Amino acid sequence: MSKDLSLFATCPKGVEDLLAVECEQQGLTDISTTYGGVFCQGDLKNAYRLCLWSRVASRVLLKLHAFPVSSHDDLYRGVQTIDWSTHLNNDGSFAIDVNTTHQEINNSHFATLKIKDAIADQFNQKFNLRPDVKRDRPDVRINAYIDRNNCTLYLDLSGEPLHKRGYRQQAGIAPLKENLAAAILLRAHWPQLAIESRPLIDPLCGSATLLLEAAYM
């Protein structure tokens, strides 16, 4: 697999610099921060290591294609330039998340339907079968970012949001997300303080997210 894969790791706003450090630790290169995430490059091994070991990332996205769009027809044609059978089985399932600031393609729900149709039509033409759309736990999750001139398609390598560590069975009314709790601890230099055997006290402990993340560190 090429080492020149383009990746975008998302994170809570304001902690992009912490995520950039984690990207570097996992061997990723050409790292640059933007509002709400980090652009970087590497191979699939680096990307999956980031999925496994990042404490701050929300998702890790693999860039598939970027193309100019001025209409919904452009969007449909651009999506069809990808061979989706290399990413998805014809009996599998997929979901699509769209974020758009385009003047014409300004309805994210309609854009989602266009992308879904483009993928489903390609499978119908090739195999006379089509994968299912499944919002909850799909086999493949696709992210589309549409700005004023272009659409960029990403494959979500993380599946479930990475703040869902798996240890929480239930949460309170307003739980602190685990990756944001981890970022707060990193900002407070908790790993270094733990080495020095300094105590951690959370007087406002609700779901114990800060304490659990500190213990995992």
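For the structure itself, look to the data block above.
Throughout what follows, the structure given in this document is the object of discussion. The shown structure was predicted, so the numbers you read here are calculated from the model rather than taken from an experiment.

## Notes on the environment of T209
Here is step 1 of the chain: Of note, T209 is situated in helix α7 (residues 209-216).
Here is step 2 of the chain: Excluding residues within four positions of it along the chain, T209 makes contact with Y167, R168, L176, K177, E178 and A181.

## What about the packing of helix α3 (residues 72-80) against helix α4 (residues 108-127)?
Here is step 1 of the chain: Remark: α3 packs on α4, axes separated minimally by 9 Å, with the N-to-C direction vectors making an angle of 40 degrees. With respect to α4, the axis of α3 lies oblique. The handedness of the crossing between α3 and α4 is right-handed. Of the residues in α4, those in contact with H72, D73, L75, Y76, V79 and Q80 of α3 are F110, A111, K114, I115, D117, A118, I119, D121, Q122 and Q125.

## Some points on the pairing of strand β5 (residues 93-100)
Here is step 1 of the chain: Summarising burial for β5: 6 of the 8 residues are buried, a large majority.
Here is step 2 of the chain: Relative to strand β6 (residues 132-133), β5 is paired through 2 bridges, and the arrangement is parallel. Paired with F94 across the bridge in β6 is V133.
Here is step 3 of the chain: Pairing geometry for β5 and strand β7 (residues 140-146), over 7 bridges, is parallel. Bridge pairing in β7 links I96 to I142.

Criteria and thresholds
- Residues numbered from 1 in each chain as written.
- Predicted model: local features only at pLDDT ≥ 70, side-chain atom pairs only at ≥ 80, totals over all residues.
- Heavy atoms only, no water.
- Helix = DSSP H or I, 4+ residues; strand = E, 2+ residues; numbered from the N terminus.
- Contact = heavy atoms within 4.5 Å.
- Axes fitted to C-alpha atoms, helices over the stretch in contact; angles between N-to-C directions.
- Parallel < 35°, antiparallel > 145°, perpendicular 65-115°, else oblique.
- Left-handed = near helix turned anticlockwise from the far one by under 90°.
- Buried < 20%, exposed > 50% of the residue type's maximum accessible area, 1.4 Å probe, protein only.
- Pairing = 2+ DSSP bridges.

That's the geometry; what it means functionally is another story.
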